[in-house]
Amino acid sequence: MIAYCGLNCSKCDAYLATQENDEVKREETAKKWSKMYRAEIKADQINCNGCKSNGVKFFHCNNCDIRACCLEKGVGNCAACEDYICKTLSEFITLAPEAGRALAQLRI
Ligand code: SF4
Ligand code: SF4
C-alpha cells in the first residue's frame, strides 16, 4: 500500500484507526497529528482507507499536490516519474524521509 508520495498507508495511524474503527486511536492520532502538523485536526477527521482507495481519505492526502501530480502524469508513484526528484517531492521527503527511502527502493 505505497502511496503516490512513498508513504506506506498500511502502517499509517489514520488507516489503522479506520480499519479497526477504533475511536481511541482516532483521538490519539488527531492529538499527535495536530501537534506534529501544527494544525487543529479532530478525531472525526481521522478516516482513511488509503491514498489509492476509492473510499474515504484523510482530507490532507485527498488534496495532496503530489497525489494530484501523479494522477495527472499517470504514474503509480513518484518513483516512476521522469521528473523524480522534483522540488515538490524534495520538500516533502525532507519532512518524511521514510517516504523518500521507499521511493528510492522502488527506483532500484
Ligand atoms: S492516504 Fe490515508 S492512509 Fe495513506 S498516508 Fe494519507 S492518511 Fe495515511
Ligand atoms: S513531478 Fe514530482 S510530484 Fe509530480 S510525479 Fe514527478 S516526482 Fe512526483
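The model shown is predicted, which means the values in this text are computed figures rather than measured ones.

### Examining the overall build of the chain
Here comes step 1: Counting its regular elements, the chain contains 6 helices and 0 strands.
Here comes step 2: In terms of overall size, the chain behaves like a compact globule, its C-alpha atoms giving a radius of gyration of 14 Å where 108 residues would be expected to give roughly 13 Å.
Here comes step 3: Overall size of the chain, expressed as C-alpha extent along the three principal axes, is 40 × 25 × 20 Å.
Here comes step 4: Relative to its 108 residues, the chain shows a buried fraction of 32%.
Here comes step 5: In the chain, 44% of the contacts between residues at least 6 apart in sequence involve partners at least 24 apart.

### Describing the nonpolar core
Here comes step 1: Counting 27 residues, the largest nonpolar core has Ala3, Tyr4, Cys5, Ile66, Cys78 and Ala99 as the members making the most contacts within it.
Here comes step 2: Taken together, the elements giving at least two residues each to this core come down to α1 (13-19), α4 (65-73), α5 (87-95) and α6 (97-107).
Here comes step 3: Setting aside chain neighbours within four positions, we find Cys78 in contact with Tyr4, Cys5, Gly6, Ile66, Cys70, Tyr84, Leu89 and Leu103.

### Looking at the packing of α4 against α5
Here comes step 1: Running from amino to carboxyl end, α4 crosses α5 at an angle of 140°, the nearest separation of the two axes being 10 Å. Classified by the angle between their axes, α4 and α5 sit oblique to one another. In this structure, α4 crosses over α5, and the sense of that crossing is left-handed. Here Asp65, Ile66 and Cys69 of α4 come into contact with α5, specifically with Thr88, Leu89 and Phe92.

### Observations regarding helix α2 (residues 23-36)
Here comes step 1: Its 14 residues give α2 an end-to-end C-alpha distance of 20 Å, which sits within 8% of 20 Å, the value for a rise of 1.5 Å per residue.
Here comes step 2: Every buried residue of α2 is accounted for by Arg26, Thr29 and Ala30. Taken down its axis, α2 places every buried residue within 105° of arc, on the same side. Residues Val24, Lys31 and Lys35 are exposed on α2 and point more than 90 degrees away from its buried face.
Here comes step 3: Check the buried side of α2 and you find it contacts α1.

### Quick word on the site of ligand 2
Here comes step 1: Ligand 2 sits among Ile66, Cys69, Cys70, Lys73, Val75, Cys78, Cys81, Asp83, Tyr84, Cys86, Thr88 and Leu89.
Here comes step 2: Grouping the constituent residues of the shell around ligand 2 by class yields 9 nonpolar, 1 polar and 2 charged.

### Brief notes about the site of ligand 1
Here comes step 1: In the neighbourhood of ligand 1, the contacting residues comprise Ala3, Leu7, Cys9, Cys12, Ala14, Tyr15, Cys48, Gly50, Cys51, Lys57, Phe58 and Cys61.
Here comes step 2: Here the residues of the shell around ligand 1 are counted per class, giving 10 nonpolar, 1 polar and 1 charged.

### What about the confidence of the model for the chain?
Here comes step 1: Taken as a whole, the chain shows an average pLDDT of 97; of its residues, 100% reach a score of 70 or greater.
Here comes step 2: Confidence, expressed as mean pLDDT per element, reaches its minimum in the chain at helix α3 (residues 59-62) with 94 and its maximum at α1 with 98.

### Quick word on α6
An α-helical turn contains 3.6 residues, so any two residues separated by three or four positions project in the same direction.
Here comes step 1: Three or more residues of α6 are buried, namely Ala99, Ala102 and Leu103. One side of α6 carries all its buried residues, which in axial view fall inside an arc of 95°. Looking at α6, the residues exposed on the side facing more than 90 degrees away from the buried face are Pro97, Glu98, Arg101, Gln105 and Arg107.
Here comes step 2: Structurally, α6 contributes buried residues whose contacts are with α5.

Cut-off values and rules
Residues numbered from 1 in each chain as written. Chains lettered and ligands numbered in written order. Predicted model: local features only at pLDDT ≥ 70, side-chain atom pairs only at ≥ 80, totals over all residues. Helix = DSSP H or I, 4+ residues; strand = E, 2+ residues; numbered from the N terminus. Rg over C-alpha atoms; globule rule 2.2 N^0.38 Å. Buried ≥ 20, exposed ≤ 12 C-beta atoms within 10 Å, placed from the backbone. Contact = placed C-beta atoms within 7 Å. Core = buried A, V, L, I, M, F, W, Y, C linked by C-beta atoms within 7 Å. Axes fitted to C-alpha atoms, helices over the stretch in contact; angles between N-to-C directions. Parallel < 35°, antiparallel > 145°, perpendicular 65-115°, else oblique. Left-handed = near helix turned anticlockwise from the far one by under 90°. Expected span 1.5 Å × (residues − 1). Arc of directions from axis to C-beta. Near = placed C-beta within 6 Å. Nonpolar A, V, L, I, M, F, W, Y, C, P; charged D, E, K, R; others polar. pLDDT = per-residue confidence, 0-100.

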